[in-house]
Amino acid sequence: MRVLFVIPPLYLWNYIPAAEDNFLTPLGLVYLASALKQRFGRDVDVRIIDCSAEHIGWRTLEQRMRGFGPAVVVTTFRDTFNAPDHGRVAELARAIDPAVVVLAGGIHASELPEDTMTRWPIDVVALQEGEETICELVEQVGRRRRDFSKVKGIVYREGDRFVRTAPRPLIEDLSLFSPSREAYDLLPMHLYRPRYMWGGTTVEGSRGCIGHCKFCSFWSFMSRADGEGPGAKRHPCLRIRPVGQVLDQLELLNRHYGKEEFFWVDPTFGVDPKWTEELLDGIERRRIRMKFSAFMRSDMIVRDERLGLLQRLVDAGLWMTLVGVERASDEDMKWLDKSTTAQHDIEAFRILRTRYPQVVRMALCMIGLPWETRETMRQLGEYLASDLDVDVAAPHPITPFPGTELWRSMPEEWRKNVDFRDVNMIYPVIPVEGMTPTEICLAGNDIQKKLMLRLRHLPKVLSRHERQRSTRRHFWLLAGKILYNSIRHRENPYLATRSTWATSKPPWYDI
Ligand code: B12
Ligand code: SF4
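No experiment lies behind these values; they were computed from the predicted model shown.

**Q** Would you mind going over the overall build of the protein chain in detail, with residue names and values included?
**A** Scanning the protein chain from terminus to terminus reveals 20 helices and 19 strands. Whereas a compact globule of 511 residues would reach a radius of gyration of roughly 24 Å, the protein chain reaches 23 Å, a difference of no more than 12%. Looking at the protein chain as a whole, 43% of its 511 residues qualify as buried. Intrachain contacts of the protein chain at a sequence separation of at least 6 include 76% that bridge at least 24 residues.

**Q** Before we move on, can you summarise helix α20 (residues 466–488) with the specific residues and values?
**A** In this model, α20 (23 residues) spans 33 Å end to end at C-alpha, consistent with the 33 Å of a helix rising 1.5 Å per residue. The complete set of buried residues in α20 reads Gln468, Thr471, Arg472 and Ile482. Contacts made by the buried residues of α20 are with β17 (360–367) and β18 (392–397).

**Q** Explain the site of ligand 1 to me, using residue names and the numbers behind them.
**A** As a matter of local geometry, ligand 1 sits amid 41 residues, with Gly28, Thr76, Gly105, Ala126 and Gly130 nearest to it. Listing elements by their share of the shell around ligand 1, those giving two or more residues are α1 (27–40), β4 (72–76), β5 (101–105), α5 (107–111), α7 (131–142) and α9 (217–221). Residue contributions to the shell around ligand 1 reach at least three from each of two domains, namely domain 1 (2–164) and domain 2 (193–459 + 468–488).

**Q** Explain the site of ligand 2 residue by residue, including any values.
**A** For ligand 2, the full set of nearby residues is Cys209, Gly211, His212, Cys213, Cys216, Phe218, Trp219, Pro267, Thr268, Arg297 and Gly324. Across the shell around ligand 2, the residue classes break down as 6 nonpolar, 4 polar and 1 charged.

**Q** Summarise the sheet that holds strand β3 (residues 45–50); cite the residues concerned and give the values.
**A** Pairing is mixed in the open sheet, where 7 strands are placed in the order β3-β1-β4-β5-β6-β7-β8. Looking along the sheet, the strands with just one partner apiece sit at the ends: β3 and β8 (161–164). Across this sheet, the average inter-strand angle for adjacent strands is 20 degrees, counted without regard to direction. Both strand β7 (residues 154–158) and β8 contribute to a ladder of 4 bridges, which runs antiparallel.

**Q** Kindly report on the sheet that holds strand β14 (residues 261–264), identifying the contributing residues and their values.
**A** The sheet built from 6 strands is open, its strands ordered β9-β14-β15-β16-β17-β18 with parallel pairing. The outermost strands of the open sheet, each flanked by one partner alone, are β9 (201–203) and β18. Across the sheet, the axes of successive neighbouring strands diverge by a mean angle of 20 degrees, strand direction being ignored.

**Q** So what's going on with the pairing of β17? Residues and values would help.
**A** Counting buried residues along β17, 7 of its 8 residues qualify, which places the element largely inside the surrounding structure. Sheet analysis places strand β16 (residues 318–326) next to β17, joined by 6 bridges and oriented parallel. What sits directly across from Met320, in β17, is Val360. Handedness of the crossover joining β17 and β18 through helix α16 (residues 374–388) is recorded here as right-handed.

**Q** Pulling in residues and values, what's your account of the nonpolar core?
**A** The nonpolar side chains of a soluble globular protein tend to be buried, and buried together. Within the largest apolar cluster, 128 residues are counted, with the highest numbers of intra-cluster contacts made by Val125 and Leu384. In terms of domain composition, this core takes at least three residues from each of domain 1 (2–164) and domain 2 (193–459 + 468–488). In this structure, Leu384 is in contact with Ala363, Cys365, Val390, Ala393, Ile447 and Leu451, ignoring residues within four places of it in sequence.

**Q** Explain the packing of helix α10 (residues 243–255) against helix α11 (residues 273–285) residue by residue, including any values.
**A** Here α10 crosses α11 at 40 degrees, and the two axes come no closer than 10 Å. Between α10 and α11, the crossing angle belongs to the class labelled oblique. Here the hand of the crossing between α10 and α11 comes out right-handed. Packed against α10, whose contacting residues are Val243, Val246 and Leu247, the element α11 presents Trp275, Glu278, Leu279 and Gly282 at the interface. Split by residue class, the contact of α10 with α11 holds 5 nonpolar, 1 polar and 1 charged.

Cut-offs and rules
- Residues numbered from 1 in each chain as written.
- Chains lettered and ligands numbered in written order.
- Predicted model: local features only at pLDDT ≥ 70, side-chain atom pairs only at ≥ 80, totals over all residues.
- Helix = DSSP H or I, 4+ residues; strand = E, 2+ residues; numbered from the N terminus.
- Rg over C-alpha atoms; globule rule 2.2 N^0.38 Å.
- Buried ≥ 20, exposed ≤ 12 C-beta atoms within 10 Å, placed from the backbone.
- Contact = placed C-beta atoms within 7 Å.
- Expected span 1.5 Å × (residues − 1).
- Near = placed C-beta within 6 Å.
- Domains from an automatic or database assignment.
- Nonpolar A, V, L, I, M, F, W, Y, C, P; charged D, E, K, R; others polar.
- Pairing = 2+ DSSP bridges.
- Axes fitted to C-alpha atoms, helices over the stretch in contact; angles between N-to-C directions.
- Right-handed = clockwise from strand over helix to strand, strands pointing away.
- Core = buried A, V, L, I, M, F, W, Y, C linked by C-beta atoms within 7 Å.
- Parallel < 35°, antiparallel > 145°, perpendicular 65-115°, else oblique.
- Left-handed = near helix turned anticlockwise from the far one by under 90°.

Dropping the structure here:
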C-alpha cells in the first residue's frame, strides 16, 4: 500500500529571507514513518514530501501526488496558523483521487477534530501522538471491510456524523518507537541545516511537561485526561525516553548524516537530572559531536548549576537556552499559571551571564495580556535589559492555541470566528482594553530596539564567542531586512507592523 505524508508549502515570516527560513527535520513524521516501517516492512511504500524544505509549490506537489498514486494521504496539522494549507492537502488529494483515504493528526487537528473535518475532506483525525494509531489505521485501510470503530483515539466520519472512539492511553514506554534510518532516508536530510539561528536537526528526549501553564499547548497536547471527550479534565504528563535510545539516535544522525547541530523539541529539556547526567556520560563515551539548543526552565538551570550539570552541558555543546521568562511581575506569572518566578529567572540569567558567557541567553516572553499598558510593556523591556540582561528576546503576543485553558476562556463567538491565519504568535488577537494591536506590536518593537541598542552589547558583534557573534550579526541583518522591507512598502520602518510582523507566501508557494 502506498502512504504519502505531506508538509505543504507554508507561509513564512516576512522578516526572514525566504530561502533562509529555519526548516527543521519534521520529527513527528520520522516517528510515524518509522512505526509504519517497523510494523509493515515492505508491505507499505512510504513517501514524505516536505514542500517547505524543498521549496515545492502547490502545482509541483500536485504532479508528485499524481505520480505516486497513494492509497493514503497523511496531512499533519502541526500548527494553527497554517491550518488552511494543511487542509488544502486534503482537498488536493481528494480532487486527484476521490477514493483516497485522508488521515490527519497533529496538534491543531487533534484539539479541534470535528471543526477540522467540517472544513476539509478528511476521513479520520488522530488524537494526540500517533505511532500506534497510524499503524492501526493503515491496517484498517488495507482490509476489505474496514472498521475504524476498532481504532482507539480517533474521530472518524460515518455518513454525515463524526464518531469519537474510546480514548487511547499515552504510550507508556517511549522506547517502543525509535526513529529509524529508513525513515530519515525518506527526507531531504541535506536541507535541514543551520541557516536562520537554530536550524538543524530536531531530537526528542521527552514528551509532555510537568507544568500546566494556561497558554501552553506543549503540555495540553501530551496530557492525560480524566474522562472522555473534549471536556475531560487534563493533567500534565511527562514521559522520558530511555537515554540509550536517544544516544543511538544522536549517533546515527552524527555518523551517518553528518549532523552536529541539534534542537531539542522537549517542552522542558532535562527535567530529571539523573537522565541528563546519563545522557552526558553517553555523549562523552560515544564521542558524539554536537552543538545544541533547548527550551529550559529557569528553576532547572539553577538546580543544574548546583549539581555541576550546567558546566557539563555547556562542555557538551549547549550554545543557546530558550527560557520561558514570560513576564516581569509574579502576579502576571500567577495568572499564566506559571510555576517559575522572577527570582528563578533572575538567578538563572545571572548564572548564565557570569559563568557561561559563550551561551546565548534567549528569553521568551508574553506581551498583550488583557491589562497591558505602555507602562507595563516598558517595565518588561527594562526587566529584560537590566534585571535579566538577556542576549535576545522573543516577545510574542499572548495567543490562545486550541486545547489550552486560554483558548477555552475565549468567548465562543471568538473561537468560532477567529481566522486561523491570525493565530500566529506574531500579531495580537486578544483584545486589550488600553492598547490597540498595532500599539502592542510597536511597544514590542521598542523592547527589541532597547535590547539591541544597549551600549555594552554593541561590541558583542565582535565577541570572541562564535555563537554570540553570529547571533548578534543575525539580529542586525534582520533589522536591515526590516528597514529594506519598509522602504519597499513605503512604510515608516518604525511603524511597519503588518508588513514586518506577519507571514506571507514564499516565492515558490504556487509553483
Ligand atoms: C520544532 C518546532 C518548530 C520548528 C519547525 C517545525 C518542525 N519542522 O518540526 C520551527 C522553529 C520552524 C517552528 C515554527 C513555528 N511553530 Co513550532 N514547534 C516546534 C516544536 C517545538 C516541536 C515539534 C516536534 O517535532 N514535536 C515532536 C513530534 C514527535 O511531535 P508532533 O510533531 O506533534 O508529531 C506527533 C503527533 O502530532 C502525531 N501526528 C501528527 N500528524 C499525524 C497524522 C496522523 C495520521 C497520525 C495518526 C498522527 C499524527 O504523531 C506524531 C508522532 O507522535 C513544537 C512543540 C512540540 N514539542 O511539539 C512547536 C509547535 C508545533 N509550534 C508552534 C507554533 C505556534 C509555531 C509557529 C507558528 C510560531 C511562530 N509564530 O513563530 C511557527 C510556524 C512557522 C511556520 N512557518 O510554519 C506551536 C503550535 C501550536 C498551534 N496550535 O498552533 C507548537 C505546539 C509550540 C507552542 N507554541 O505551543 N516550530
Ligand atoms: S510554558 Fe513551559 S513550563 Fe509551562 S507548560 Fe509549557 S513547556 Fe511546561
